[in-house]
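This is what each chain is made of:
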Amino acid sequence: MQRGLEQYQISQFQAALRSWQQALTIYRAIGDHTGEALTLNNIGLVNRLLGNYPVALEYHLQALLIARNLGDRATEAAILGNIGVVNDLLGNYPVALDYYQQSLLIARNLGDRTTEAAILGNIGVVNDLLGNYPVALDYYQQALLIARNLGDRTTEAAILGNIGVVNEALGKYPIALEYHAQSLLITRAIDNRAAEAQTLNNIGQVNHLLGNYSVALEYFEQSLLMKRDLGDRATEAGTLTNIGIVNESLGRYRVALEYFEQSLLITRDLGDRTSATLILNNIGNVIQRLGNYPVALEYYEQSLLIARDLGDRATETAILGNIGIVNGLLGRYRVALEYFEQSLLIARDLGNRASEAHTLNSIGEVNRLLGNYPVALEYYEQSLLMNRDLGNRASEAAALNNQGVLLNDLTKFAEAASVLKRSIQVYESLRDELSDSQLIAIADTQRRAYLNLEQALVAQNQADAALAITERSRGRAFVSQLASPVAQIPTVEQIQQIARDTKTTLVTYSLFFDQALYIWVVQPSGDIEFRSVEFEGATDGGTANPIASIDGPVYRTIRPNSALTTLVTDSRSLSGVEASRNPNTPHLQELHEVLIDPIADLLPSNPNAQVAFIPQGELFLVPFAALQDDNGTYLIEKHTILTAPSIQVFGLASDSVGSQGLAPLTTDNALVVGNPTMPTVWLPTDDGLAETQLSYLSGAETEANAIGEFFDILVLIGEQATEARIKQELPNASLIHLATHGLLEYGIPESSGVLDLPSAVALAPGDGEDGLLTSAEILQIELQAELAILSACDTGRGRITGDGVVGLSRALITAGVPSVMVSLWAVNDHSTSILMQRFYQFLATGEFTKAEALRQAQLSLFYNEDVATRLEAVRAGAAPQYREGFEPVGDRHPYHWTPFVLIGNGQ
């Protein structure tokens, strides 16, 4: 039922074939027709394993004729099943089903429950391949019941795995994982290592679909190790292919190609042409992603040639579809349509409704690009109806989204909005019972539908409703961790109330592909204003321009958001331009022009009034405090700045501390760490991972000691600051301050425990701990601190998702800390030490909130004022006085005073 070549080398197959041929000669010579039938069947089996499907069919049919003449019903049933398998492999699914049904009837008449269960499973497999998922599940359940009654745990485990595969196809990932887990439990209990390896592979595939790439790789690596230990080269090749596919998803195309080449080498060595066809197709996919379309077509053509030679029509239809896609990317839409039509014809002939639905969607997309909107809509509708009938919810949502895009193209924005809302409803129905990391991953795959709906609403002057939609797409996993899995999606009215309750100006950004940047500003009064930046040279692919129907100011600037992403990267590379000693960096001014100029008139005039920026994508890495207007004035000089992954997360973080206002910081149980004895870690280099001893940080030690002296509290330095001790003290800490190294990428994923929760801070190793406090470990601790400061490099970074930045800051807020201060880049040890000391000095006066204290500390460094001078100026309302010779740090470059951001509650 879970199909694949047995663990033989090609030479072993050929040797077996010679032996059976000799036996056949003997049986025929002595007139033993029973032996002749069984031998013919075995010769067919070996040819099937060698990929010689037409030859295999010929021998099975000869055996079937003899068995029927002998009246040997049991052998007849077995041979009918084998003929079904060969037709299944050839993609002749209706023929396969016919033979399986004949075999099933005989097995039931004979009371052969073992054969009955096997054939029921095979019928389930074919229906699965045809996309008849409910039918497949029905047959699997019948087979499962018989296997359990017989106590056949091997078959039970296989069927459980197949049920998992169907639920995976239906987008029911939690259910799929449950069945695979049950299967894994049985395979381990009966010590069936081959089946265990396959089940590990299946679990990896589900995690890949969920976007849990590190988890997927972990399971694939376990499966690969086991298969190599078993000497199972055929299935080893399959797992190597899967590892390649995950690396392709991660954008590691060269690595993906290496794994595909390894897999291809094995399949060719084994003579497994069926698998070779699939691998050549995968290589074509990667080369297509690299943009080398002619070479991609060469690989697809090689793959197609083998598939046709084998008579493998199921694979043929997939390859034809890929050739169509490449021609579409080359702008050869008519040629693309020809290939899609060929693919569709085969899919229909095979009765493969899942493939048919996919191809109908592709034909619709090409017609949309050609401007044949009525034709495109008709194909989308056919695809939609078929996916609904199949129960394929993920594909149904995608088809609805495509319809919405087309209706936007036609400027039928009201109709588009209606369709896109349905798409989002279906997408969100797939999120039930997903874990935190799974929610993060699947939300990223669904992001386009929300963006398209934003466009439709904005084009209808429904900007407030569009704000609710963009908020709906963000931080859902984060919110479920902070509140509950059933936390309600905020309405426009609730968003307005958050602004009122927190007395904060909320600024939300949304990047609409490469066409525009949408910006909403929610005033503390609850009033909402919408602005938009249209990118010059945006490639809209024929889509309607939403900007044309917007009332109010529209700003046109820079190039598409690929250039905006580059600009963000440049703005972060402040250490790289440090040598210039020029604080007026052009990229900071350009970012101000894009992100702040369109809304400058909407921001508060009072510099102490809070402004919370809600970025998206790469904008999470923008140093907002350092953005500079045309006059050279930094944003921090005008505003008190916070950030948050979503408005609702900001509101929940603020709710957790209530209306404390300027309540003094509690330091009775403060946990302050500085310059712990550093661990040895594995860090990435040009030559791979290298074992590295993290460096001593004198500034971090000075920083911690100064904070301890200021508050008259004990601090942990050097060997005292062990990870084991810190973990023990974290739950009771009222303040968390860790001055040490921060690591964004480190270690070996399979052993580090990071998985999909990147980033760590360095602490002293010992007592069974490695000295790396990871995001994953923080999430396991319930915290009560009102403020956490990670005074280290890159602690505000991580994996950027629709849920925000998944890393240390998210872990701390999720664990219960409402206010978190983290860094956006590799900070300077000396300037960071000064900045942190001053932050606490301002905060301790009781005159400033956390956000205001950070601002004053930053300004004191920039203006070259000591704390007393800055306090005097603030109290007197006097203008700052710049001083020459920036003694505390060495220059006034924003690299020194703007790396830290406050996330969450600013009070």
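Residues numbered from 1 in each chain as written. Predicted model: local features only at pLDDT ≥ 70, side-chain atom pairs only at ≥ 80, totals over all residues. Heavy atoms only, no water.

Student: What is the right way to read the overall build of the protein from this model?
Tutor: Across its full length, the protein holds 39 helices and 19 strands. In the protein, of all internal contacts separated by at least 6 residues, the share reaching a separation of at least 24 is 65%. In the structure as shown, the protein presents an accessible area of about 34,900 Å², 49% of it carried by carbon and sulfur atoms. (Helix = DSSP H or I, 4+ residues; strand = E, 2+ residues; numbered from the N terminus. Contact = heavy atoms within 4.5 Å. Areas by Shrake-Rupley, 256 points an atom, 1.4 Å probe, with all protein chains shown as cover.)

Student: What exactly am I supposed to notice about the nonpolar core here?
Tutor: When a protein is soluble and globular, its nonpolar side chains tend to lie buried together. If you look at the biggest cluster of nonpolar residues, it comprises 106 residues, and the most contacted ones within it are Tyr509, Leu517, Leu595 and Phe839. At 8 residues, helix H37 (residues 850-863) tops the list of elements feeding residues into this core. Ala256, Ala276, Ile346 and Ala357 belong to the second-largest nonpolar core, a separate cluster that totals 66 residues. (Core = buried A, V, L, I, M, F, W, Y, C linked by side-chain atoms within 4.5 Å. Buried < 20%, exposed > 50% of the residue type's maximum accessible area, 1.4 Å probe, protein only.)

Student: I keep staring at helix H4 (residues 73-90) and nothing clicks. Help me out?
Tutor: Since the α-helix advances by 3.6 residues per turn, residues separated by three or four positions end up pointing in the same direction. Between the first and last C-alpha of H4 there are 26 Å, a value that for 18 residues agrees with the 26 Å anticipated at 1.5 Å per step. With respect to burial, H4 is a largely interior element, 14 of its 18 residues being buried. Positive backbone phi, at 85 degrees, marks glycine 91, one or two positions downstream of H4. (Expected span 1.5 Å × (residues − 1).)

Student: Could you clarify how one ought to interpret the sheet that holds strand E13 (residues 760-762) in this entry?
Tutor: Strand pairs in the sheet, formed through backbone hydrogen bonds, run parallel or antiparallel to each other. Strand order in the open sheet made by the 3 strands is E12-E13-E14, with antiparallel pairing throughout. Looking at the sheet topology across the chains shown, the edges are occupied by strand E12 (742-743) and strand E14 (772-774). Bridge analysis of E12 against E13 gives 2 bridges, and the strand direction is antiparallel. From the neighbouring strand, glycine 742 faces E13, where its bridge partner is valine 761. (Pairing = 2+ DSSP bridges.)

Student: Honestly, the pairing of strand E19 (residues 900-904) in this entry has me stumped. Any pointers?
Tutor: Consecutive residues of a regular strand have side chains that alternate between opposite faces of the sheet. Burial of E19 is extensive: 5 of the 5 residues sit out of reach of the surface. Direction of pairing for strand E18 (residues 819-823) relative to E19: antiparallel, over a ladder of 5 bridges. Residue pairing in the sheet places serine 823 in a bridge with phenylalanine 900 of E19.

Student: What's the story with unusual backbone geometry in this structure? I'm lost.
Tutor: Apart from glycine, the bulk of residues carry a negative phi angle, and the bulk of peptide bonds sit in the trans form. Here the phi dihedral of asparagine 675 falls at roughly 50 degrees; this positive angle occurs in a residue that is not glycine. Inspection of the secondary structure puts asparagine 675 in strand E7 (residues 670-676). A positive phi is found at aspartate 767, a non-glycine position, where the angle reads about 55 degrees. Tracing the backbone through its elements, the reader meets aspartate 767 in the loop between E13 and E14.

Student: It is not clear to me how the packing of aromatic side chains should be interpreted in this structure. Could you clarify?
Tutor: The description of two aromatic rings rests on the distance between their centres and on the angle between their planes. One pass over the structure, following the stated rule, counts 13 aromatic pairs. Judged by centre distance (5.2 Å) and plane angle (70 degrees), the ring pair of phenylalanine 839 and tyrosine 840 falls under edge-to-face. On the basis of relative accessible area, tyrosine 840 is assigned to the buried category, the value being 1%. Ring centres of phenylalanine 842 and phenylalanine 848 lie 5.8 Å apart, and the angle between their planes is 85 degrees; this geometry places the pair in the edge-to-face category. Each member of the pair, phenylalanine 842 together with phenylalanine 848, is buried. An aromatic cluster is built from Phe512, Tyr518, Trp520 and Phe530, whose rings are joined through pairwise contacts. (Phe/Tyr/Trp six-rings, centres within 6.5 Å; stacked < 30°, edge-to-face > 60°.)

Student: Quick question: what am I supposed to make of the pattern of salt bridges here?
Tutor: It is possible for side chains bearing opposite charge to pair when their charged atoms get close. Under the criterion given, the structure shown has 27 salt bridges. In this structure, the salt-bridge partner of arginine 188 is glutamate 196, at a minimum N-O distance of 2.8 Å. Judged by relative accessible area, which is 45%, arginine 188 ranks as partly exposed. Linked through salt bridges whose partners overlap, the residues forming this network are Glu723, Lys727, Glu769 and Glu777. (Salt bridge = Lys/Arg side-chain N within 4 Å of Asp/Glu carboxyl O.)

Student: Would you mind going over helix H17 (residues 333-350) with me for this structure?
Tutor: Here H17 spans 26 Å end to end across 18 residues, near enough to the 26 Å set by a 1.5 Å rise per residue. Buried residues of H17: Ala336, Leu337, Tyr339, Phe340, Ser343, Leu344, Ile346, Ala347 and Leu350, and no others. Where the residues of H17 are buried, they touch helix H5 (93-110), helix H6 (113-130), helix H15 (293-310), helix H16 (313-329) and helix H18 (353-369). One or two residues past the end of H17 sits glycine 351, with phi positive at roughly 75 degrees.

Student: Even after reading the chapter, I still don't get the confidence of the model for the protein, so can you show me in this structure?
Tutor: For any part of a model where pLDDT is low, the fine detail of the predicted coordinates should not be relied upon. Averaged over every residue, the pLDDT of the protein is 82; residues scoring 70 or more account for 82%. This stretch, residues 1-9, has a pLDDT under 50; its non-local contacts, to residues over four places away or in other chains, come to 34 contacts. A low-confidence stretch, residues 574-584 (pLDDT under 50), is modelled with 23 contacts involving residues beyond four sequence positions or located in other chains. (pLDDT = per-residue confidence, 0-100.)

Student: I would appreciate a short explanation of the side chain of asparagine 41 in the present structure.
Tutor: Locating asparagine 41 in the fold gives a position in helix H2 (residues 33-49). On the basis of relative accessible area, asparagine 41 is assigned to the buried category, the value being 10%. At 3.0 Å, the side chain of asparagine 41 forms a polar contact with the side chain of histidine 60. For asparagine 41, the residues in contact, after removing those within four places along its chain, are His60, Ala63, Ile79 and Asn82. (Polar contact = N/O pair within 3.5 Å; in protein donor to acceptor, adjacent residues only side chain to side chain.)

Student: Where do I start with the environment of glycine 131 in this structure?
Tutor: Considering the arrangement of structural elements, one finds glycine 131 in the loop between H6 and helix H7 (133-150). On a C-alpha basis, the gap between glycine 131 and valine 166 in space is 9.0 Å, while along the polypeptide they are 35 residues apart. With near-sequence residues (within four places) excluded, glycine 131 lies in contact with Ala354 and Leu390.

Student: Looking at this structure, how should I read the packing of helix H13 (residues 253-270) against helix H14 (residues 273-289)?
Tutor: Relative orientation and spacing of two packed helices are given, respectively, by the angle between their axes and the distance between those axes. For the pair H13 and H14, interaxial distance at closest approach is 9 Å and the crossing angle is 165 degrees. The orientation of H13 relative to H14 falls into the category roughly antiparallel. The element H13 and its partner H14 pack so that their crossing is left-handed. Between H13 and H14, the contacting residues are Tyr253, Ala256, Leu257, Phe260, Glu261, Ser263, Leu264, Thr267 and Arg268 on the first element and Ser275, Ala276, Ile279, Leu280, Asn282, Ile283, Val286, Ile287 and Arg289 on the second. Here the residues of the contact of H13 with H14 are counted per class, giving 11 nonpolar, 4 polar and 3 charged. (Axes fitted to C-alpha atoms, helices over the stretch in contact; angles between N-to-C directions. Parallel < 35°, antiparallel > 145°, perpendicular 65-115°, else oblique. Left-handed = near helix turned anticlockwise from the far one by under 90°. Nonpolar A, V, L, I, M, F, W, Y, C, P; charged D, E, K, R; others polar.)

Student: Help me out: how do you make sense of the pairing of E7 in this one?
Tutor: Among the 7 residues that make up E7, 7 are buried, leaving the element largely enclosed by the rest of the structure. Where E7 meets strand E11 (residues 735-739), 5 bridges bridge the pair, whose relative direction is parallel. For alanine 670, the partnering residue across the bridge sits in E11 and is leucine 735. In this sheet, strand E10 (residues 716-718) lies alongside E7 in parallel orientation, the contact comprising 3 bridges. Across the sheet, the residue bridging to glycine 674 is isoleucine 717, located in E10.

Student: Hey, could you run me through the packing of helix H10 (residues 193-209) against helix H11 (residues 213-230) in this one?
Tutor: Two elements in contact, H10 and H11, have axes separated by 8 Å at closest approach and are oriented at 160 degrees. One finds that H10 runs roughly antiparallel with respect to H11. The hand of the H10/H11 crossing is left-handed. Of H11, the residues touching H10 (which contributes Arg193, Ala194, Glu196, Ala197, Gln198, Leu200, Asn201, Ile203, Gly204, Gln205, Asn207 and His208) are Tyr213, Val215, Ala216, Tyr219, Phe220, Gln222, Ser223, Met226, Lys227, Asp229 and Leu230. Among the residues making up the contact of H10 with H11, the classes are represented as 11 nonpolar, 8 polar and 4 charged.

Student: I would appreciate a short explanation of the environment of alanine 354 in the present structure.
Tutor: For alanine 354, the location among the structural elements is in helix H18. For the pair alanine 354 and serine 395, spaced 41 residues apart in sequence, the C-alpha to C-alpha distance is 9.5 Å. If near-sequence neighbours (up to four positions away) are discounted, alanine 354 is found in contact with Leu130, Gly131, Tyr133 and Leu390.

Student: Where do I start with the environment of leucine 170 in this structure?
Tutor: Topologically, leucine 170 is positioned in the loop between helix H8 (153-169) and helix H9 (173-189). With 39 residues separating them in the primary sequence, leucine 170 and glycine 131 have C-alpha atoms 9.5 Å apart.

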